[in-house]
Amino acid sequence: MRTALQRVAVVGAGAAGLCVARHVLSRPDSFTPPVLFELAANIGGTWCYEERVGTLANGRPVHSSMYRDLRTNLPKEVMMFPDFPFDPNLNSFLPHQEVQCYLERYCHHHNIRPHIRFNTAVEHVKPVAMKKSTEEERTTWEVRSCDSSGHQETETFDSVFVCSGHYSDPLVPDVPGIRFFKGTALHSHDYRFAEPFSGQTVVVLGARASGLDISMELARAGAKVTLSHALPRFTFPLPTGIQEAHPVVAVQEDGSICFQDGSVADADFLLFCTGYKFQYPFLDAAQLGLEIQDHLVAPLYRFLMPPAFPSLFFIGICKFICPFPNFHCQVQFALAVLDGSVRLPPQAQMESEVWQELREKADRGVEQRHLLMMEQDQWEYCQALAHVAGFPPLPPVVRSLYEEVLHQRRIHPENYRRLNYRLSSESQWELVD
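Summarised in this report is the structure supplied together with it. Starting from 1, residues in each chain are numbered consecutively following that chain's sequence as written. Restriction of local features to residues with pLDDT of at least 70 applies here, the model being predicted, together with a cutoff of 80 or more for giving and counting side-chain atom pairs; totals for whole chains, interfaces and linings are based on all residues. Calculation of side-chain values draws on the structure's entire complement of heavy atoms; hydrogens and water are dropped beforehand.

## So, the sheet that holds strand 2 (residues 35-37)
Filter applied, for reference: A strand pair is defined by DSSP finding two or more bridges across the two strands. Strands are runs of DSSP state E lasting at least two residues, helices are runs of H or I lasting at least four, and both sets are numbered from the N terminus onward.
With respect to topology, five strands assemble into an open sheet ordered 3-2-1-7-18, the strand pairing being parallel. Taken across any chain shown, the strands that pair with only one partner, and hence form the sheet edges, are strand 3 (116-117) and strand 18 (312-314). Bridge count for strand 7 (residues 159-162) against strand 18 is three bridges, and the pairing is parallel. Each bridged residue has a counterpart across the sheet, and for Phe 161 the counterpart in strand 18 is Phe 313.

Here you go:
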């Protein structure tokens, strides 16, 4: 007897959501065409640049954290979905507009746009227990959405993919005395370009990718930048106009900024490059057996699904990953779970495995806010998903080039984007003049 086709809801039409749609549409024997709910008027998610900051005319907050002059810190040869290359005539490191164009081509090539409901917010996602004819219980999902006219609709789906991203809700640390600061404090979510900072003194808090990148932009524009962070001291010379400092610990009553080593400085701007927090206002975490904190969503089996509800999937929740290839692997694994070709362990075993893995990380000294950082673990993770679900693994060249670029970024943070690469085989890459 033919099994009924499954209906899939996708929250978000950024890169992860488009990847879900592409793979669902390629399996018409198992799934009906997906429904993608997209808050904005276009695809792309965080890659869809919006110069406005704060709140849009419709009252919704600006989603994208993209700044005007951002260029990718991964080359297109690594960044691409493995089954959909970028234009080979482009440089390896791209302005964000080219990534948006790439996602629009991906969307067009796979005919995804007809399945997207733009300007539509997902307000609530709720599991509903259903009885099969065999009296076996299964879960379906009620999804309540609201379009730009205020029209609400509630529909039922067999599974839900959460692809709403985690780079839109700023995490601003509590700085004692911040109320005394006489200048302007803002988060990098609201940074768009460097010109307004010319001739100003700026303390940048946080020195990971965006903190370092924005600091260099500011210095080129003539700002005097103090880069405050808790990472090991840099081993490369910083550009003129940037000095390193210890973490900010307080703002004093006279408005000056106090650092961990006791030094003090004045500034016109405090710029928080301190990351983002997880937020899913349409989910009831307790109902799903989840803990949703600023830096952590757990337990998620294989960083994908709550063990109590393994037809709800979070795509791309991990940090320090090669994003599009990671989505590509996660989505195919998730669909293999849904179509029955991957059988999951019992709920209790999945929960036990997740908490055990997180405990082992904590025992190794990994802070809670870093538990979802994959870094070197991402390759074995993607390999395991491919092995279990039976799809082709990522070619070894992806890891090889990713690690080369990481090395170049550490020693030449200003200049590494001048290099161009070409993939010569599944395991080899070469520099291009």
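## Thoughts on helix 1 (residues 15-25)
Given 3.6 residues per turn, any residue in an α-helix points the same way as the ones three and four places further on. Counted only if it meets this: Only protein chains enter the area calculation, which uses a 1.4 Å probe; residues under 20% of their type maximum are buried, those over 50% are exposed, and those in between are partly exposed. Whether two residues touch is decided by their heavy atoms; if any such pair falls within 4.5 Å, the residues are in contact.
A large share of helix 1 lies buried, amounting to ten of its eleven residues. Here helix 1 has its buried residues at Ala 15, Ala 16, Gly 17, Leu 18, Cys 19, Val 20, Ala 21, Arg 22, His 23 and Val 24. Buried positions along helix 1 lie against strand 1 (8-11), strand 2, helix 3 (96-109), strand 3, strand 7 and helix 5 (323-338).

## Remarks on unusual backbone geometry
The omega torsion across Ala 298 and Pro 299 is -5°, close enough to zero to call that bond cis. Looking at the element boundaries, Pro 299 is found in the loop between strand 17 (297-298) and strand 18. Its identity as a non-glycine residue notwithstanding, Asn 111 has a phi of 50°, on the positive side. Among the secondary structure elements, Asn 111 is positioned in the loop between helix 3 and strand 3. Looking at Asn 111, the relative accessible area reads 48%, which means it is partly exposed. Phi at Arg 302 is positive, roughly 55°, even though this residue is not glycine. Along the chain, the position of Arg 302 falls in the loop between strand 17 and strand 18.

## Section: a negative patch on the surface
Rule in force here: A patch consists of residues whose relative accessible area exceeds 30% and which take part in no salt bridge; residues with like charges are grouped when within 9 Å of each other, and nonpolar side chains (Val, Leu, Ile, Met, Phe, Trp, Tyr) when within 5 Å. Accessible areas in this description were obtained via Shrake-Rupley with a 1.4 Å probe; residue shielding takes into account the shown protein chains only. Between Lys or Arg on one side and Asp or Glu on the other, a salt bridge is scored when a side-chain nitrogen of the former is within 4 Å of a carboxyl oxygen of the latter. Counting rule applied: Lys, Arg positive; Asp, Glu negative; His and chain ends not counted. The location of each charge is read from NZ of Lys, CZ of Arg, CG of Asp or CD of Glu.
A cluster of acidic side chains, namely Glu 353, Glu 357, Glu 360, Asp 363, Glu 375, Asp 377 and Glu 380, defines a negative patch on the protein surface. With four residues, the single largest contributor to the negative patch is helix 6 (residues 347-363). With respect to the helices and strands, the residue Glu 360 is situated in helix 6.

## Let's talk about the environment of Ala 41
Structurally, Ala 41 is set in the loop between strand 2 and helix 2 (76-79). Residue class for Ala 41 comes out exposed when judged on its relative accessible area of 54%. Each C-alpha atom of the pair Ala 41 and Ile 178 lies 36 Å from the other, and the pair is 137 residues apart in sequence. If near-sequence neighbours (up to four positions away) are discounted, Ala 41 is found in contact with Phe 118 and Asn 119.

## Some remarks on the packing of aromatic side chains
Defined as follows: Within 6.5 Å between ring centres, the rings of Phe, Tyr and Trp (the latter by its six-membered ring) count as paired, and their orientation is classed by plane angle as stacked under 30 degrees, edge-to-face over 60, tilted in between.
Tallying each qualifying case throughout the model produces 23 aromatic pairs. Where Tyr 191 meets Phe 197, the ring centres are 5.8 Å apart and the plane angle is 45°; that geometry is what we call tilted. The same class applies to Tyr 191 and to Phe 197, which are both buried. Put simply, the rings of Phe 81, Phe 84, Phe 86, Tyr 102, Tyr 106, Phe 324 and Phe 327 pair up and form one aromatic cluster.

## Thoughts on the sheet that holds strand 13 (residues 257-259)
Read from one edge to the other, the open sheet built from three strands follows the order 12-13-14, with strand pairing classed as antiparallel. Two strands in the sheet have a free side with no partner beyond their single neighbour: strand 12 (248-251) and strand 14 (264-265). For strand 13 and strand 14, the ladder comprises two bridges, and the chain directions are antiparallel. The residue bridging Ile 257 from the neighbouring strand is Ala 265, located in strand 14.

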